[in-house]
Amino acid sequence: MKKRLMAAVLSTAMAATMLLTGSISVQAADAAAANDPAVELIFTSVSVSGDSHTEAMYEFADKVEELSGGSVTCKCYDNGSLFSSENEFDALLNGDADLAYISFPTIATQIPSYSMFASGYLFSSYEHMTSVLNGDIGLNKIRPQIEETLNIKPLSSFYLGSRVINTREKEINSYDDMNGLLLRMPNSEAWLFLGEALGANPTPLSFSELYTALQTGAVDAQDNPLPSIESAKFYEVTKYIAITNHVVDSIMPCINGDTWNSMTEAQQEAVTEAMEYARDVNDTARLDREAELIKFFEEQGLTVTYPDINEFKEKVQAKYMENEDMIKDWNMDLYNEIQAMADTTTAEE
């Protein structure tokens, strides 16, 4: 819980620092952009009403209009009301949408080396993830390749959640406790391999079938962030949650490159600052919600355990390194640099 509080404070502090140290102040951006040609942005998302990512996109819309002196406005379409999850990436690429949240697995369909960002324990904590993706490595080594290859510009990296192990009957206190566990995973090679790396027997199954599978014992366990366990009511048919945080996930709000280039420098500054404001809104809400849910699940009668994450990390990463096919496209220099950052953020916690 202490780490979650520190994470929330860090998120707020980082956003505040970027706002305060921008190349121009909020007032200057307002004055500079107020007389610029009008720009109307279209922001599409499949996130649902009430989700922190949905709230953040509307906060962005309000803030960018304020910071640009009204020259930049933004229309928001949530719940997949404009483009579905299958279509929003193409819509962003071809300019039918100006802004969308894009995941690293989606980017990896075009830049194969970025598949490593969905691997187990690439990030050890929220602090590690946001320090990398919103720090020097993200700004100078990750985002530029996306921009140059796909003509979309990542504006930030928002916290999506940390995946945990949720079991029917077996309490997980160590990596060895995963042995023999029938663990539901999404039906893709990367996800199924993650299940193997976690020491379990991965079982492909659609999310829509998962509640019944847990209820009947067709699977022993599932992995998802805490908010998903609540919204899908998996806590009704399970007894244990192990805080493994084996994937600390993020999602990037990206803007179409042509749209970005059509704006003035002052308008670009307003967009950048507004998105950092939205990141703070999202990340703080997400971290607070995860902390609240641990208490909620315990009140529902579930036992929450905290296995040694260092043990999990060491053994999971070893499984990846042993699988040459899985890592053949990875940028290992970048991977190792990110791992070195984990040591730094751990020391600072």
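This text follows the structure it describes.
Residues numbered from 1 in each chain as written. Predicted model: local features only at pLDDT ≥ 70, side-chain atom pairs only at ≥ 80, totals over all residues. Heavy atoms only, no water.

## Notes on helix α6 (residues 126–133)
Among the 8 residues in α6, 8 count as buried, and that is most of the element. Residues of α6 that are buried include every one of Y126, E127, H128, M129, T130, S131, V132 and L133, and no others. (Buried < 20%, exposed > 50% of the residue type's maximum accessible area, 1.4 Å probe, protein only. Helix = DSSP H or I, 4+ residues; strand = E, 2+ residues; numbered from the N terminus.)

## Structural notes on the nonpolar core
Judged by nonpolar contacts, the single largest core of 53 residues is most densely connected at I107, F117 and I142. Counting residues in hydrophobic clusters, the runner-up holds 25 residues, among them Y101, L155, F158 and W260. (Core = buried A, V, L, I, M, F, W, Y, C linked by side-chain atoms within 4.5 Å.)

## Observations regarding the packing of aromatic side chains
Taken as a whole, this structure holds 15 aromatic pairs when the rule is applied. When the ring of F43 is compared with that of F60, the centres are 6.0 Å apart and the planes differ by 80°; the resulting orientation is edge-to-face. Here the residue F43 occupies a position in strand β1 (residues 39–44), and F60 occupies one in helix α3 (residues 52–67), the gap between them amounting to 17 residues. Neither residue differs from the other here; F43 and F60 are each classed as buried. Here the aromatic rings of Y175 and F312 are separated by 5.5 Å at their centres, their planes lie at 75°, and the arrangement is edge-to-face. Highlighted residues: Y175 in the loop between β5 (158–167) and β6 (182–185) and F312 in helix α13 (residues 309–322), separated in sequence by 137 residues. Across the pair, F312 and Y175 agree in class, each one buried. Among the aromatic residues, those joined into a cluster by ring pairs are F43, F60, Y101 and F158. Cation over ring: K63 sits above Y277, and NZ or CZ is 4.4 Å from the ring centre. (Phe/Tyr/Trp six-rings, centres within 6.5 Å; stacked < 30°, edge-to-face > 60°. Lys NZ or Arg CZ within 6 Å of the ring centre and 35° of its normal.)

## Some words on the state of the cysteines
Applying the stated criterion across every chain, the model contains 0 disulfides. Free of any disulfide, C74 has its nearest cysteine sulfur in C76, 4.2 Å distant. (Disulfide = S-S within 2.5 Å.)

## Remarks on the side chain of E276
With respect to the element layout, E276 can be found in helix α12 (residues 265–299). A polar contact of 3.2 Å, which involves the side chain of E276, links it to the side chain of S156. (Polar contact = N/O pair within 3.5 Å; in protein donor to acceptor, adjacent residues only side chain to side chain.)

## What about the pairing of strand β7 (residues 201–204)?
Where β6 meets β7, 4 bridges bridge the pair, whose relative direction is parallel. Bridged to R184 within β7 is T203. With helix α8 (residues 189–197) bridging β6 and its parallel neighbour β7, the resulting β-α-β unit is right-handed. (Pairing = 2+ DSSP bridges. Right-handed = clockwise from strand over helix to strand, strands pointing away.)

## Re the environment of L150
You can see L150 is positioned in helix α7 (residues 136–150). In this structure, the C-alpha to C-alpha distance between L150 and G257, residues 107 residues apart in sequence, is 8.4 Å. Setting aside residues up to four positions removed in sequence, L150 forms contacts with F89, L93, I107, Q110 and I111. (Contact = heavy atoms within 4.5 Å.)

## Topic: unusual backbone geometry
Although it is not a glycine, N79 sits at a positive phi angle of roughly 55°. As for its position among the elements, N79 is in the loop between β2 (72–77) and α4 (88–94). Judged by relative accessible area, N79 falls into the partly exposed class, the value being 40%. Positioned with a positive phi, N245 is a non-glycine residue whose angle comes to about 50°. Looking at the secondary structure, you find N245 in the loop between β9 (240–242) and β10 (248–256). Given the relative accessible area of 12%, N245 is considered buried.

## Topic: the side chain of S113
Here S113 shows up in the loop between α5 (104–108) and α6. Residue contacts for S113: discarding those within four places in its chain leaves Q145, D329, W330 and N331.

## Thoughts on the pattern of salt bridges
Following the criterion strictly, the structure yields 14 salt bridges and no others. In this structure, R286 and D51 form a salt bridge, with 3.0 Å as the shortest nitrogen-oxygen distance. Of this pair, R286 sits in helix α12 while D51 sits in the loop between β1 and α3, placing them 235 residues apart in sequence. Neither residue differs from the other here; R286 and D51 are each classed as buried. Between R289 and E292 there is a salt bridge, and its shortest N-O distance comes to 3.2 Å. With R289 and E292 both in helix α12 and 3 residues apart, the pair spans about one turn of that helix. Of the residues examined, R289 reaches a relative accessible area of 31% and is grouped as partly exposed. (Salt bridge = Lys/Arg side-chain N within 4 Å of Asp/Glu carboxyl O.)

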